[in-house]
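# Results of the structural survey
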Amino acid sequence: MSELSNQLPSDPISSVGIITSPSKAPEDYTVVAQTTDGSDADLRKDSLFKSKVTRYLCFTRKPGPDVVVDIKVIDIKEPLPEGYTPVEETMDTKETAMRKRRLCVKISPRAAAETAVYDIQIIAKTKYHLVNYTCIGDINSMGIWNRKGDVPKHKSSQETASTANTEAPSTTARRTMSRPDYEHQNSGNYTMTALDDVPFVVPEKFFQNPKEMQQVNLMGITIKSLAEIEEEFQYNFSTERSIAV
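Residues numbered from 1 in each chain as written. Predicted model: local features only at pLDDT ≥ 70, side-chain atom pairs only at ≥ 80, totals over all residues. Heavy atoms only, no water.

Turning our eyes to something else, we now look at the pairing of strand 8 (residues 134–139). By the bridge criterion, five bridges tie strand 8 to strand 9 (residues 142–150) in an arrangement that is antiparallel. Bridge assignment links Asp138 to a residue of strand 9, and that residue is Gly143. With antiparallel pairing between neighbouring strands as the criterion, strand 8 and strand 9 make up a hairpin whose turn holds two residues, including Asn140 at a positive phi of roughly 55 degrees. (Pairing = 2+ DSSP bridges. Helix = DSSP H or I, 4+ residues; strand = E, 2+ residues; numbered from the N terminus.)

Shown next, in the form of structure tokens:
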């Protein structure tokens, strides 16, 4: 038995298939072309008649909406397990995939899956065991083993936006409490405030009828209008004119 990495692959398997040749694997698919001890992993290998028909298992970890949560190997005469899909044709030639055994795959939406299949290995002798792997059956006297792990949960864009919105009020509150003129000085970038674009204009009523303005006494200081000041301190310079004449 060869040594396998104890580290779980970064992504779970999203699809499993059967092909007629390792060279005909679809893009992004990994072919299980050899057993763990380096032997040929042909699932249709016939040592007696030397058949030219070959079948190899392949899989992909390409991220998608679905993941493979379980795999079973059953006899061709057994009823299909509920929720499982049989691999009936080869991916490259559309021929019958298996002869006496049937490979069945259970698919689930990634968001709903708790665990999924991360790796598949084939061993030449069924009496051997792989650490961290589980045997799902045998095909052509070879054991098919898979390894499962937890499916990481990623936050959706809506959840991320919701989290950002819950954090926003505290920042807004701090910005609203600060004075607009100081806010521009304390930050490197200008920040719009509630007072921006608001015109500061003295109402026209304060320019009309100045005589009607009431006198206000502040700490003994009397505030008068322009008309009152001119009337009180009016001087006609009559003495100066008489001297000049």
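Turning to the sheet that holds strand 6 (residues 101–109), a few remarks are in order. With respect to topology, three strands assemble into an open sheet ordered 4-6-5, the strand pairing being antiparallel. Every other strand in the sheet has two partners, leaving strand 4 (66–75) and strand 5 (85–86) as the edge strands with one partner each. As paired strands, strand 5 and strand 6 are joined by two bridges and run antiparallel to one another. From the neighbouring strand, Thr85 faces strand 6, where its bridge partner is Val105.

Taking strand neighbours across the sheet as the criterion, the three strands line up as 1-3-2 in an open arrangement whose pairing is antiparallel. Strand pairing shows two members of the sheet lacking a second neighbour, strand 1 (15–19) and strand 2 (29–32), which therefore form its edges. Adjacent strand axes in the sheet meet at a mean angle of 30 degrees, parallel and antiparallel pairs treated alike. Bridge count between strand 2 and strand 3 (residues 56–60): four bridges; the pairing is antiparallel. Following the sheet pairing, Thr30 is matched in strand 3 by Phe59. (Axes fitted to C-alpha atoms, helices over the stretch in contact; angles between N-to-C directions.)

Next up on the list: unusual backbone geometry. Trans is the prevailing form of peptide bonds, just as negative phi is the prevailing case for residues other than glycine. Backbone geometry at Asn132 places phi at a positive 70 degrees, although glycine is not the residue there. One can find Asn132 in the loop between strand 7 (115–123) and strand 8. Judged by relative accessible area, Asn132 falls into the partly exposed class, the value being 43%. Positive phi, close to 65 degrees, is recorded for Ser141, a residue that is not glycine. On the secondary structure map, Ser141 appears in the loop between strand 8 and strand 9. By relative accessible area, which is 57% here, Ser141 ends up exposed. (Buried < 20%, exposed > 50% of the residue type's maximum accessible area, 1.4 Å probe, protein only.)

So, about the confidence of the model for the protein. Confidence in the prediction for the protein averages 79 pLDDT; 67% of positions are at 70 or higher. Below pLDDT 50 for its whole length, residues 169–187 participates in eight contacts with residues either more than four positions away or in separate chains. (pLDDT = per-residue confidence, 0-100. Contact = heavy atoms within 4.5 Å.)

Let us look at the environment of Pro81. Within the secondary structure layout, Pro81 lies in the loop between strand 4 and strand 5. With 25 residues separating them along the chain, Pro81 and Lys106 place their C-alpha atoms 9.3 Å apart. Every residue in contact with Pro81, bar those within four places of it in the chain, is listed here: Lys72, Ile74 and Cys104.

Attention now goes to the nonpolar core. Most often, soluble globular proteins have nonpolar side chains that are buried together. Core analysis: the largest hydrophobic core is formed by 23 residues, its most contacted members being Val16, Leu43, Leu57 and Ile120. Those residues in contact with Leu43, other than ones at most four positions away along the chain, are Ile18, Arg55, Leu57, Met98, Ile122, Ile139, Asn140, Met142 and Ile144. Within the second largest apolar cluster, five residues are counted, among which are Val67, Ala113, Ala116 and Val151. (Core = buried A, V, L, I, M, F, W, Y, C linked by side-chain atoms within 4.5 Å.)

Attention now moves to the pattern of salt bridges. Evaluation of the coordinates by the stated rule reveals five salt bridges. A salt bridge links Lys148 to Asp70, with the nearest nitrogen and oxygen atoms 2.9 Å apart. Taken as a pair, Lys148 in strand 9 and Asp70 in strand 4 lie far apart in primary sequence, 78 residues in all. The class for Lys148 is partly exposed, based on a relative accessible area of 39%. For Asp70, a relative accessible area of 14% translates into the label buried. Across the pair Asp138 and Arg101 runs a salt bridge whose closest N-O atoms are separated by 4.0 Å. One end of the pair, Asp138, is in strand 8; the other, Arg101, is in strand 6, with 37 residues separating them in the sequence. (Salt bridge = Lys/Arg side-chain N within 4 Å of Asp/Glu carboxyl O.)

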